[in-house]
Amino acid sequence: MPELVYQKQYWTDSYIQWSPLGTHLATVHRQGAQVWGGDDKFVRLMRFAHPQVKLIDFSPGEKYLITYSSQEPSNPRDTHRVVLNIFDVRTGKVMRDFKGSADDFTTGGNMGVSGVSWPIFRWGGGRDDKYFARLGKNVISVYETDTFSLIDKKSLKVENVVDFSWSPTDPIISLFVPELGGGNQPARVSLVQIPGKEEIRQKNLFSVSDCKMYWQNNGEYLAVQVDRYTKTKKSIYTGFELFRIKERDIPIEVFELENKNDKIIAFAWEPKGHRFAVIHGDGPKPDISFYTMKAVNNNVSRVSKLTTLKGKQANALFWSPAGRFIVLAGLKGFNGQLEFFNVDDLETMATGEHFMATDIMWDPTGRFLATAVTSVHEMENGFQIWSFNGKLIYKISKDHFYQFQWRPRPPSLLTPEKEEDISKNLKRYSKKYEQEDLDVSNQVGELERKRRTQLQEEWQGWVAKWKQLHEEERAYRMELRGGEESDKEEEAEYKEIEAEELVDVTEEIVAFDLDQE
Amino acid sequence: MRPVLMKGHERPLTFLKYNRDGDLLFSCAKDHTPTVWYASNGDRLGTYRGHNGALWSCDVSCHSTRLITGSADQTAKLWDVQTGRELFTFRFVAPARSVDFAIGDHLAVITTDSFMGKTPTAQVKRIAEDLQDQTEESALVISGITGRINRAVWGPGNRTIITAGEDATIRIWDSETGKLLKESDKEAGHQKAISSLSKSLDWSHFLTGSLDKSAKLWDARTLTLIKTYVTELPVNAVDMSPTLDNVVIGGGQDAMNVTMTDRRAGKFEAKFFHKILQEEIGGVKGHFGPINALAFNPDGKRFSSGGEDGYVRLHHFDPEYFNIKMLQLR
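Residues numbered from 1 in each chain as written. Chains lettered and ligands numbered in written order. Predicted model: local features only at pLDDT ≥ 70, side-chain atom pairs only at ≥ 80, totals over all residues. Heavy atoms only, no water.

With that settled, consider the overall build of chain A. In terms of helices and strands, chain A carries six helices and 33 strands. With 517 residues in all, chain A has 43% of them scored as buried. A separation of at least 24 residues holds for 39% of the contacts in chain A among residues at least 6 apart in sequence. In the structure as shown, chain A presents an accessible area of about 30,000 Å², 48% of it carried by carbon and sulfur atoms. (Helix = DSSP H or I, 4+ residues; strand = E, 2+ residues; numbered from the N terminus. Buried < 20%, exposed > 50% of the residue type's maximum accessible area, 1.4 Å probe, protein only. Contact = heavy atoms within 4.5 Å. Areas by Shrake-Rupley, 256 points an atom, 1.4 Å probe, with all protein chains shown as cover.)

Summarizing the sequence annotation, UniProt attributes the feature "repeat: WD" (unreviewed entry) to residues 6–47, 48–89, 142–183, 187–228 and 284–314 of chain B in the numbering used throughout. Helix makes up 0% of residues 284–314 of chain B and strand 65%. Its end C-alpha atoms lie 11 Å apart. (UniProt positions renumbered as here; feature names shortened; annotations may be inferred.)

End to end, helix 4 (residues 446–472) of chain A covers 39 Å across 27 residues, agreeing with the expected 39 Å (1.5 Å per residue, within 8%). Where helix 4 of chain A is concerned, the buried positions are A:Arg452, A:Leu455, A:Gln456, A:Trp459, A:Trp462, A:Trp466 and A:His470. (Expected span 1.5 Å × (residues − 1).)

Here we come to empty space enclosed by the protein. Under the definition given, this model contains four cavities of 30 Å³ or more. Considered as a void within the structure, the second largest cavity measures approximately 50 Å³ in volume. Residue lining of the second largest cavity: eleven residues in total, with A:His470, A:Arg477, B:Ile103, B:Asp202 and B:Trp203 positioned closest to the centre. For the lining of the second largest cavity, the per-class residue count stands at four nonpolar, two polar and five charged. (1 Å grid on protein atoms, 1.4 Å probe; cavity = no way out; pocket = protein on both sides within 12 Å on 5 of 7 lines; lining within 4 Å. Points joined across faces, edges and corners; volume = space filled by probe spheres on them. Nonpolar A, V, L, I, M, F, W, Y, C, P; charged D, E, K, R; others polar.)

What follows covers the nonpolar core. Residue and element names in this part refer to chain A. Of all hydrophobic cores here, the largest spans 29 residues; its most connected members are Ile56, Leu84, Phe98, Phe121 and Phe132. Taken domain by domain, the makeup of this core includes at least three residues from each of domain 1 (9–119) and domain 2 (122–255). In this view, Leu84 contacts His50, Ile66, Thr67, Tyr68, Arg96, Asp97, Phe98, Phe105, Trp118, Ile120 and Phe121; residues no more than four positions away in its chain are not counted. (Core = buried A, V, L, I, M, F, W, Y, C linked by side-chain atoms within 4.5 Å. Domains from an automatic or database assignment.)

For any part of a model where pLDDT is low, the fine detail of the predicted coordinates should not be relied upon. Residue and element names in this part refer to chain A. When pLDDT is averaged across chain A, the result is 83; 91% of the residues are at 70 or more. With pLDDT under 50 throughout, residues 109–114 is counted as low confidence; its partners more than four residues away or in other chains account for ten contacts. Within the model, pLDDT remains below 50 along residues 488–493, and this stretch shows twelve contacts once partners closer than five positions in the same chain are excluded. (pLDDT = per-residue confidence, 0-100.)

The next thing to look at is the sheet that holds strand 19 (residues 221–229) of chain A. Residue and element names in this part refer to chain A. Strand order in the open sheet formed by four strands is 18-19-20-21, with antiparallel pairing between adjacent strands. Sheet topology places strand 18 (208–215) and strand 21 (252–255) at the edges, where each strand pairs with a single neighbour. On average, each strand axis in the sheet is inclined to that of its neighbour by 20 degrees, with strand direction left out of account. Across four bridges, the pairing between strand 20 (residues 236–244) and strand 21 is antiparallel. Within the sheet, the bridge partner assigned to Leu242 lies in strand 21 and is Glu253. (Pairing = 2+ DSSP bridges. Axes fitted to C-alpha atoms, helices over the stretch in contact; angles between N-to-C directions.)

On to the pairing of strand 10 (residues 131–135) of chain A. Residues and elements named next belong to chain A. Buried residues dominate strand 10, accounting for five of its five residues. Looking at chain direction, strand 9 (residues 122–124) and strand 10 are connected through three bridges and run antiparallel. Within strand 10, the residue paired with Gly124 across the bridge is Tyr131. Count of turn residues in the strand 10/strand 11 (residues 139–144) antiparallel hairpin: three residues, of which Asn138 carries a positive phi of about 65 degrees.

Our focus in this paragraph is the pairing of strand 26 (residues 291–296) of chain B. Burial analysis of strand 26 of chain B places six of its six residues in the buried class, the great majority of the element. The antiparallel hairpin formed by strand 26 of chain B and strand 27 (residues 302–307) of chain B contains five residues in its connecting segment, where B:Gly300 sits at a positive phi of about 75 degrees.

To continue, consider unusual backbone geometry. For the peptide bond that leads from A:Ile194 to A:Pro195, omega is 10 degrees, which places it in the cis range. With respect to the secondary-structure elements, A:Pro195 resides in the loop between strand 16 (187–193) and strand 17 (198–205). Phi angles above zero are rare outside glycine, and A:Asn160 is one such case at about 65 degrees. Checked against the element boundaries, A:Asn160 lands in the loop between strand 13 (156–157) and strand 14 (163–166). Positive phi, close to 65 degrees, is recorded for B:Ala168, a residue that is not glycine.

Let's shift gears to the confidence of the model for chain B. Model confidence for chain B is summarised by a mean pLDDT of 88, while 93% of its residues fall at 70 or above. For this predicted complex, the interface confidence reaches an ipTM of 0.80, while the overall pTM sits at 0.56.

Turning our eyes to something else, we now look at the environment of B:His51. Residues and elements named next belong to chain B. Among the structural elements, His51 can be located in the loop between strand 5 (44–47) and strand 6 (55–60). On a C-alpha basis, the gap between His51 and Glu86 in space is 9.8 Å, while along the polypeptide they are 35 residues apart. Reaching out from His51, the side chain makes a polar contact with the side chain of Thr69 at a distance of 2.7 Å. Reaching out from His51, the side chain makes a polar contact with the side chain of Thr75 at a distance of 3.3 Å. (Polar contact = N/O pair within 3.5 Å; in protein donor to acceptor, adjacent residues only side chain to side chain.)

Time to look at the sheet that holds strand 1 (residues 16–18) of chain A. All names here are of chain A. Pairing in this open sheet of four strands is antiparallel, and the strands run 1-2-3-4 from one edge to the other. Edge positions in the open sheet fall to strand 1 and strand 4 (43–49), since each of these has one partner strand only. Taking the axes of each pair of neighbouring strands and ignoring which way they run, one obtains an average angle of 20 degrees across the sheet. Both strand 3 (residues 32–37) and strand 4 contribute to a ladder of six bridges, which runs antiparallel. The residue of strand 4 that forms the bridge with Ala33 is Phe48.

Turning to the pattern of salt bridges, a few remarks are in order. If you walk through the whole model with that rule in mind, you get 30 salt bridges over all chains. Put simply, B:Glu279 and A:Arg452 hold a salt bridge, and the shortest N to O gap is 3.4 Å. With B:Glu279 in the loop between strand 24 (268–274) and strand 25 (280–287) and A:Arg452 in helix 4, the pair connects residues from two separate chains. A salt bridge links B:Lys77 to B:Glu86; the shortest N-O distance between them is 2.9 Å. Residue B:Lys77 is classed as buried on the basis of its relative accessible area of 7%. Under the relative-accessibility criterion, B:Glu86 is labelled partly exposed at 33%. One continuous salt-bridge network, built from bridges that share partners, spans A:Glu270, A:Arg275, A:Arg324 and A:Asp344. (Salt bridge = Lys/Arg side-chain N within 4 Å of Asp/Glu carboxyl O.)

What follows is about the packing of aromatic side chains. In total, this model carries 46 aromatic pairs over all chains according to the counting rule given. Pairing A:Trp269 with A:Phe276 gives two aromatic rings, centres 5.2 Å apart and planes at 70 degrees, and the pair type is edge-to-face. By relative accessible area, A:Phe276 is classed as buried at 0%. An aromatic cluster is built from A:Tyr214, A:Tyr221, A:Phe240, A:Phe255, A:Phe267, A:Trp269, A:Phe276 and A:Tyr291, whose rings are joined through pairwise contacts. Against the face of B:Tyr311 rests B:Lys7, its NZ or CZ located 5.1 Å from the ring centre. (Phe/Tyr/Trp six-rings, centres within 6.5 Å; stacked < 30°, edge-to-face > 60°. Lys NZ or Arg CZ within 6 Å of the ring centre and 35° of its normal.)

With that out of the way, let us pick up the side chain of A:Thr145. All names here are of chain A. When you line up the elements, Thr145 lands in the loop between strand 11 and strand 12 (149–150). Accessibility expressed as a relative area gives 12% for Thr145, which makes it buried. One polar contact links the side chain of Thr145 to the main-chain carbonyl oxygen of Asp129, over a distance of 2.8 Å. Sequence-distant contacts of Thr145, that is, excluding residues within four places in its chain, are made with Tyr64, Trp123, Asp129, Lys130 and Phe132.

Mapped onto the secondary structure, B:Phe115 falls in the loop between strand 11 (107–112) and strand 12 (121–126). Not counting chain neighbours up to four residues away, the residues in contact with B:Phe115 comprise B:Gln74, B:Val93, B:Ala94 and B:Pro95.

Residue and element names in this part refer to chain B. On the secondary structure map, Arg302 appears in strand 27. Classification of Arg302 by relative accessible area gives buried; the value is 13%. Among the polar contacts made by the side chain of Arg302, one reaches the main-chain carbonyl oxygen of Ala39 at a distance of 3.4 Å. Non-local contacts of Arg302, meaning those with residues more than four positions away in its chain, are made with Gly22, Ala39, Ser40, Phe296, Asn297, His315, His316 and Phe317.

Shown next, in the form of structure tokens:
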């Protein structure tokens, strides 16, 4: 069961957000935002004044905080006034602000509730917090944090650009320009290196109706989902352009599902891995396919299918942050179906259900999954915690449940070599940890054990007393029964039968230097 | 193992009782027909016809010869278990509710509801060996309770009668004189109507279930509150395992949730708690409506549940149930 570490009433006016490395907890108030942190308690570390702030966003390395507000104009026919501030988190100083009308900030992307696609400024280049960029009309404005001004004092001109996306780890932007002139100018996807703004890779695409970009979280792969019209323009089929970013010349591989007319419901890269999952299909129970980027064919890496799961009640994919495991979830119409799937062995570990779940979040280590029902629904608010392999650990009800957020972890202290060693030998390590976990769950902790022993002893006291009284009243009872000795039947017979059942036979070759615990 | 579904009742179940040997299961429901089933496979053996109202409870003598039933038709009836023959009728001026045989089966306590100005009573009747000698006369009448008495049972050694009901208070009465001996503590006790009561094998302690969403374990002699088990739904039925340290609790519907429950087909759960640690250890789903009756088979390996949906479900415990680590902390 979870242990309450800290709580505070009226801590935030609207919502909370952890900083990306878990150092701070940010709260949002009418006057601005605040961040809290510390050892065990949460002490207020800094205030950021921004009246009527609505949304906030941290830079990936936690150096900066961007706050956003949108003022309703006094004349309803005017557009809203938008104010954005970029603060240095540690000092609280405003490094740069942006003011303008809402029109200036609402180009492209998905329109959110406030009419903007948040975050407006997207951070790039990994945890160094070196660059941030936003989409404008025919431009991508890229700023650097040395000077907080546009790189080379001007934006990157890209005629008709509708969307862009940073690599999660390197200063590379992928962008998409749709088809123009009724097919005269084809659509294209480009990769642009920052700060030099050179186009390092580019591909023209034809008959494109829509395009989505998915980066793998280590910046190793970029998948561009391209929806295309058929020649008759009556239906859509989908293909993928897979970019292998870290290979020389960034090869692009064209890939289609077996049935390219299948609608793509969800796509997700394995974190830190070489695999991806796709939910595809029309109809109430779509299929889920898994592919790897690392199949080799004639010395060339090729994408290859691992398996297809047919007819699943799923519409969302949640990979464990450590990779290897994935939860295939059916949210909304499927009412919270969960399937815990092992992608190494390609088999289902467990299925479960959290009726009406609205949110699903892995903890940052990938050991636990949280499913929650928030106050979107009137009833059944609360959250449940599952182990990575699908065992429900506990559930907590909380009325008016609004938000659940795992605290992110600080970056690993291991060198890349050690990390690779561990992931290569993961099977061996994980066995050890699984055993440790089993021991822990068996141990239950000293305190708990004491409590249980105490309760048991207390109970034994009652039982002994009752037994004694029962014995004393024996004769009386016999009389009531007309001389019948029926106490024997009253007491249940405890017979310990040892039943041995052959559960499973597995043969395993064990390495010599395995820790035998 | 898949549970056995027994559909014999047209209306919601109200009570379930195993005989002492555990080979027969008696069920009472709002339809007028108590039914007896084979406990091993759920086959129906027969029905007892004669009542004109809903059945609220029943009890069976220790040799499984006599069945006593309490009904809303203002009677309690004695039956021959094997033949189904109606042996005797106790008539009352109000609906009869709870029935319980004393040790030795020569006495029974029957409760009546409040009705047309009559207050609830608990009445003791002598049960004669020979039907010829059977009379309707009450050996004792306990009155003075304002709320409906949902359960009245005999205490250890037949010395006391324990009542529990709508006013959320458990009372212990002297079975000879009818004097009130003890009352449960108002603060620590239940806060809403007590719906159900189940005695331990040796009658030394008992479990009560209440609409206050909890079940409580009490010492039958001193009325000391020993344990409390907390659930999320009002409790309609409780029972204690005869062999292991666990209890089962089943419940019903919060009025607020009425619209919700339509979507939850088969989701009503019988919840199992560790008797000593008071922690939930598992649940068995399957009923389409609130659970109104629960009973462990005396062999401890099976239990049955009766629901608002009119079904009785017979469950065999999986081997894992017997191996639950918590249950083995001896």
